Amino acid sequence: MSNIMPQLRIGNGYDIHRLVPQRQLILGGVKLSHPDGLGLDGHSDADVLTHSVMDALLGALALGDIGKYFPPDDPKWLGADSLLLLEEVVSLVGQHGWRVLNVDTVIVAERPKLKPHIDEMRRNLSERMGVELDSVGVKATTNERLGPEGREEGISTYAVVLLGAL
Ligand code: MG
């Protein structure tokens with residue numbers, strides 16, 4: 001029997017949104033421009049990167065997923081700024097007695113070129129989560145033209161977070 005409290009929790013998140021015309025392309029709160037004018041479909045602002053981070057945070061504490069807290073059929077979240085939703089999730093994590101230690105993410109997208117925007121995404125996530133910039137990783141990869149991301153039918157993201165007890 002151990003009386004040592006667990007000090008760490010880990011969570012992972014995944015999300016994918018369709019690329020469609022007449023929509024904005026927002027990743028980690030950064031508005032991007034797709035060469036074919038495509039953006040991400042969704043009920044909120046469809047910030048697929050921020051969504052996977054939120055799911056990772058919730059998953060770390062087995063609190064469910066973002067659909068539970070921000071249902072896509074609720075008009076309240078229509079066009080919602082996902083960074084604000086992220087702030088709410090981080091606050092929930094705090095209420096449960098945990099803080100974010102670090103986050104790592106991957107964006108799978110053929111286009112546009114994301115490298116010039118990575119640091120701004122990291123800054124946005126770091127500020128909204130109250131985490132040091134050097135504890136927020138954002139990486140981008142193409143899918144070598146394979147699968148839905150490769151055919152530019154959508155953009156997917158993966159996130160892993162580590163939480164520490166407050
Ligand atoms: Mg989503």
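Anything mentioned here points back to the structure above.
Residues numbered from 1 in each chain as written. Predicted model: local features only at pLDDT ≥ 70, side-chain atom pairs only at ≥ 80, totals over all residues. Heavy atoms only, no water.

Undergrad: Explanation requested: the coordination of the magnesium ion in the structure shown.
TA: Each pair of donors in an ideal four-coordinate tetrahedral metal site encloses 109.5 degrees, whereas pairs in an ideal six-coordinate octahedral site enclose 90 or 180 degrees. For the magnesium ion, the full set of protein donor atoms is Asp15 (OD), His17 (NE2) and His51 (ND1), at a range of 2.0 to 2.3 Å. In the primary sequence, the donor residues of the magnesium ion line up as D-x1-H-x33-H. When its relative accessible area of 16% is taken as the criterion, Asp15 is described as buried. (Donors = N, O, S within 2.8 Å, 3.2 Å for Na, K, Ca; no water. Buried < 20%, exposed > 50% of the residue type's maximum accessible area, 1.4 Å probe, protein only.)

Undergrad: Help me out: how do you make sense of helix α4 (residues 118–129) in this one?
TA: The periodicity of an α-helix, 3.6 residues per turn, causes residues three or four positions apart to be oriented the same way. Along its 12 residues, α4 runs 16 Å from first to last C-alpha, staying within 8% of the 16 Å computed at 1.5 Å per residue. Check the buried side of α4 and you find it contacts β2 (25–27), β3 (30–32), α1 (48–60), α3 (82–95), β5 (98–108) and β6 (136–141). Following α4 by one or two positions, Gly130 has its phi on the positive side, about 65°. (Helix = DSSP H or I, 4+ residues; strand = E, 2+ residues; numbered from the N terminus. Expected span 1.5 Å × (residues − 1). Contact = heavy atoms within 4.5 Å.)

Undergrad: Help me out: how do you make sense of a nonpolar patch on the surface in this one?
TA: Taken together, the side chains of Tyr14, Ile16 and Tyr158 make up a nonpolar region of the molecular surface, amounting to roughly 270 Å² of accessible area. Within the element layout of this structure, Ile16 appears in strand β1 (residues 8–21). Residue class for Ile16 comes out partly exposed when judged on its relative accessible area of 34%. (Patch = residues over 30% accessible without salt bridge, like charges linked within 9 Å, V, L, I, M, F, W, Y side chains within 5 Å. Areas by Shrake-Rupley, 256 points an atom, 1.4 Å probe, with all protein chains shown as cover. Salt bridge = Lys/Arg side-chain N within 4 Å of Asp/Glu carboxyl O.)

Undergrad: Would you take a moment to explain α3 for this structure?
TA: Along its 14 residues, α3 runs 20 Å from first to last C-alpha, staying within 8% of the 20 Å computed at 1.5 Å per residue. Restricting attention to buried positions, one finds in α3 the residues Ser82, Leu83, Leu85, Leu86, Val89, Val90, Leu92 and Val93. When α3 is viewed along its axis, its buried side chains cluster within an angular range of 165° and face the same direction. In the core, the buried residues of α3 are packed alongside α1, α2 (66–69), β5, α4 and β7 (154–165). The N-capping residue of α3, defined by a side-chain oxygen 2.9 Å from the backbone nitrogen of Leu83, is Asp81. (Arc of directions from axis to C-beta. Polar contact = N/O pair within 3.5 Å; in protein donor to acceptor, adjacent residues only side chain to side chain.)

Undergrad: Just to check I follow, could you spell out the packing of aromatic side chains for this structure?
TA: Each aromatic ring pair is characterised by the separation of its centres together with the angle its planes make. Within the structure shown, the criterion is met by two aromatic pairs. With a centroid separation of 5.1 Å and an interplanar angle of 50°, the aromatic rings of Tyr14 and Tyr158 are classed as tilted. Taken as a pair, Tyr14 in strand β1 and Tyr158 in strand β7 lie far apart in primary sequence, 144 residues in all. When the ring of Phe70 is compared with that of Trp77, the centres are 4.8 Å apart and the planes differ by 90°; the resulting orientation is edge-to-face. For Trp77, a relative accessible area of 11% puts it in the buried group. (Phe/Tyr/Trp six-rings, centres within 6.5 Å; stacked < 30°, edge-to-face > 60°.)

Undergrad: Mind showing me how you'd approach the environment of Met129 here?
TA: Among the structural elements, Met129 can be located in helix α4. Judged by its relative accessible area of 6%, Met129 is buried. Between the C-alpha atom of Met129 and that of Leu83, which follows or precedes it by 46 residues, the distance is 9.1 Å. Met129 has contacts with Val53, Leu86, Val90, Val100 and Val103, leaving out every residue within four places of it along the chain.

Undergrad: Just checking my understanding: could you explain the side chain of Arg122 for this structure?
TA: Inspection of the secondary structure puts Arg122 in helix α4. In terms of polar contacts, Arg122 uses its side chain to reach the side chain of Asp119, at 3.0 Å. Excluding residues that lie within four positions of it along the chain, Arg122 makes contacts with Leu133, Asp134, Val136 and Val138.

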